[in-house]
Amino acid sequence: MSTVDKKEILLESGTNEMEIIEFSVGSQPLGINVQKLKEIISFDESVLTAIPESAPAMLGTLLLRGSSIPLIDLKLHLKQRQQEEQQEDARPVVLVCEFNHRTNGFKVDGVNRIHRVSWSDVEPLAPFINQFKPRFTGSLHIEDREILILDLEHIIGEFDPESVIGAREEIANTQQNLGNSEQRKQAKVLMAEDSSIIRTNIERILRGVGFEGLEVFVDGEECYQRILQLKTQADEAGEDIRQHLNLIISDIEMPKMDGLTLCRKVKEGLGYKHLPVLLFSSLINPPMEVKCDSVGADGYAAKPEIAKLIEMMDRFIEIKP
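In this report, the structure presented in the accompanying data block is examined. (Residues numbered from 1 in each chain as written. Predicted model: local features only at pLDDT ≥ 70, side-chain atom pairs only at ≥ 80, totals over all residues. Heavy atoms only, no water.)

**Some words on the overall build of the protein chain**
Part 1: Of the regular secondary structure elements, the protein chain holds twelve helices and 17 strands.
Part 2: Looking at the 321 residues of the protein chain, the share that counts as buried comes to 53%.
Part 3: Nonlocal contacts in the protein chain, meaning residues at least 24 apart in sequence, comprise 67% of its contacts between residues at least 6 apart.
Part 4: As displayed, the protein chain offers around 14,900 Å² of accessible surface, 48% of which is attributable to carbon and sulfur atoms. (Helix = DSSP H or I, 4+ residues; strand = E, 2+ residues; numbered from the N terminus. Buried < 20%, exposed > 50% of the residue type's maximum accessible area, 1.4 Å probe, protein only. Contact = heavy atoms within 4.5 Å. Areas by Shrake-Rupley, 256 points an atom, 1.4 Å probe, with all protein chains shown as cover.)

**Details of helix α10 (residues 259-269)**
Part 1: α10 sits mainly inside the fold: eight of its eleven residues count as buried.
Part 2: The set of residues buried in α10 consists of G259, L260, T261, L262, C263, R264, V266 and K267.
Part 3: Looking at the buried residues of α10, the elements they touch are α9 (220-237), β15 (247-250), β16 (277-281) and α11 (286-294).
Part 4: Measuring from the backbone nitrogen of L260 back to the side-chain oxygen at the start of α10 gives 3.0 Å, which picks out D258 as the cap.
Part 5: Of the residues trailing α10, G271 is marked for its positive phi of about 75 degrees. (Polar contact = N/O pair within 3.5 Å; in protein donor to acceptor, adjacent residues only side chain to side chain.)

**Notes on the pairing of strand β11 (residues 136-142)**
Part 1: Counted residue by residue, β11 has six buried out of seven residues, so it is predominantly covered.
Part 2: In the sheet, β11 pairs with strand β12 (residues 145-150) via six bridges, with the strands oriented antiparallel. Among the inter-strand pairings, S139 is bridged to a residue of β12, identified as L148.
Part 3: Linking two consecutive strands that pair antiparallel, namely β11 and β12, is a turn of two residues; a positive phi of about 55 degrees is found at E143 within it. (Pairing = 2+ DSSP bridges.)

**Considerations on the sheet that holds strand β13 (residues 188-192)**
Part 1: Spatially, five strands are ordered β14-β13-β15-β16-β17 in an open sheet, and the strand pairing comes out parallel. The sheet is open, and its two edges are formed by β14 (213-217) and β17 (299-302), each paired on a single side. Across this sheet, the average inter-strand angle for adjacent strands is 20 degrees, counted without regard to direction.
Part 2: Here β15 runs beside β16; their pairing, made up of three bridges, is parallel. (Axes fitted to C-alpha atoms, helices over the stretch in contact; angles between N-to-C directions.)

**Thoughts on the pattern of salt bridges**
Part 1: Here the structure, examined in full by the defined rule, presents 22 salt bridges.
Part 2: Across the salt bridge formed by E253 and K36, the nearest N and O atoms sit 2.7 Å from each other. Of this pair, E253 sits in the loop between β15 and α10 while K36 sits in the loop between β3 (28-33) and β4 (37-42), placing them 217 residues apart in sequence. Per residue, the accessibility class of E253 equals that of K36, and both read buried.
Part 3: E193 serves as the salt-bridge partner of K303, at 2.8 Å between the closest nitrogen and oxygen. On the criterion of sequence distance, the pair formed by K303 in the loop between β17 and α12 (306-316) and E193 in the loop between β13 and α8 (196-208) is long-range, its members being 110 residues apart.
Part 4: Ionic contacts of the salt-bridge type, sharing partners, join the residues E22, E143, D144 and R145 into one network. (Salt bridge = Lys/Arg side-chain N within 4 Å of Asp/Glu carboxyl O.)

**Looking at the environment of N16**
Part 1: Turning to its location among the elements, N16 is positioned in the loop between β1 (2-3) and β2 (17-25).
Part 2: Distance from N16 to E253, taken between C-alpha atoms, is 9.6 Å for residues 237 residues apart in sequence.
Part 3: Not counting residues within four places of it along the chain, the set of residues in contact with N16 comprises V117, S118, W119, S120, K256, M257, D258 and T261.
Part 4: Here the side chain of N16 touches K256 through a polar contact of 2.9 Å, landing on its backbone oxygen.

**What to know about the nonpolar core**
Part 1: I227, I248 and C292 are the most contacted members of the largest nonpolar core, which has 31 residues in total.
Part 2: In terms of residues, this core owes the most to one element, α9, which gives five residues.
Part 3: Discounting residues that sit within four places of it in the chain, I227 has contacts with L190, L245, I248, L262, V266 and L270.
Part 4: Core analysis: the second largest hydrophobic core is formed by 25 residues, I72, V93, L95 and L152 among them. (Core = buried A, V, L, I, M, F, W, Y, C linked by side-chain atoms within 4.5 Å.)

**Structural notes on the sheet that holds β11**
Part 1: With mixed pairing, five strands are arranged side by side in an open sheet as β10-β2-β3-β12-β11. Edge positions in the open sheet fall to β10 (110-118) and β11, since each of these has one partner strand only. This sheet shows a mean twist of 35 degrees between the axes of neighbouring strands, independent of strand direction.

**Remarks on α9**
Part 1: Look at α9: 26 Å from first C-alpha to last across 18 residues, which is about the 26 Å you get at 1.5 Å a residue.
Part 2: The complete set of buried residues in α9 reads G220, C223, Y224, R226, I227, L230 and A234. The buried side chains of α9 occupy one side of the element, clustering within an arc of 160 degrees when seen end-on.
Part 3: Contacts made by the buried residues of α9 are with β13, β14, β15 and α10.
Part 4: The N-cap residue of α9 is D219: its side-chain oxygen and the backbone nitrogen of E221 are 3.0 Å apart.
Part 5: Phi for G238, located one or two positions after α9, is positive at around 65 degrees. (Expected span 1.5 Å × (residues − 1). Arc of directions from axis to C-beta.)

Nothing here speaks to function; it is all geometry.
Written out as structure tokens, the structure reads:
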């Protein structure tokens, strides 16, 4: 049906802008970052192979140019009801998405258009709502519509938990082999991650391997405000910022302020080129690595490579006496 031309929608790194594609599931407008979208194809049931005893929303595997990819029916999974007047004209399509080094298909009811927006326009979901259905990371108002930003990592994690944060064996080996060093216990680390399931898992693992001084934030703006507080404390005491902060970890996609913008503000705006910033995101691929380098990131790892993230953290931690 169509292939997304990433060259036409490239954005300058660290400007806090993104492109989202708006699509519909039932009567609800939803959106995802275009960076995750490879192409849009018509839904063809003839190339679908059902998987016995799978969840109802897991339709099976879809044959796409000689390769099979999992296909998830978002309407079934999100339990969205179709308005009766839409059923007759519905022409479902498949969003073929790539993130976390894997490709998945998502069946939806239709695609509207691509919007260029600022992350500052994305409102995080209220904590009261988010505790029940953390499948969304925020909402965006465009014209007369409220577009919910879908957390695809969370949805895939509901079918395959190890795809979100790594295999249990890898995590166990990380905890056993690297231990709880005194350096980790002393390290003051800030982490920004908007996905509740990923945030909870990363926090649990990092504390489990000894990072007791970890502070966690739900978006880049909240994390940046904490950095400014620590900067004020350091300036008033006449101390280096590393007396108060040793490392920053950030996702890239986040409401209010994305990770690339956060990194640029730390490195260029505050002048903390010596303060390590690591980006941990499902979007890490060669083009995104170029963007990470352009804003001064010290390292990056693709979810769910938690062992690689911890190895980088150990390498960049520098505790000042």
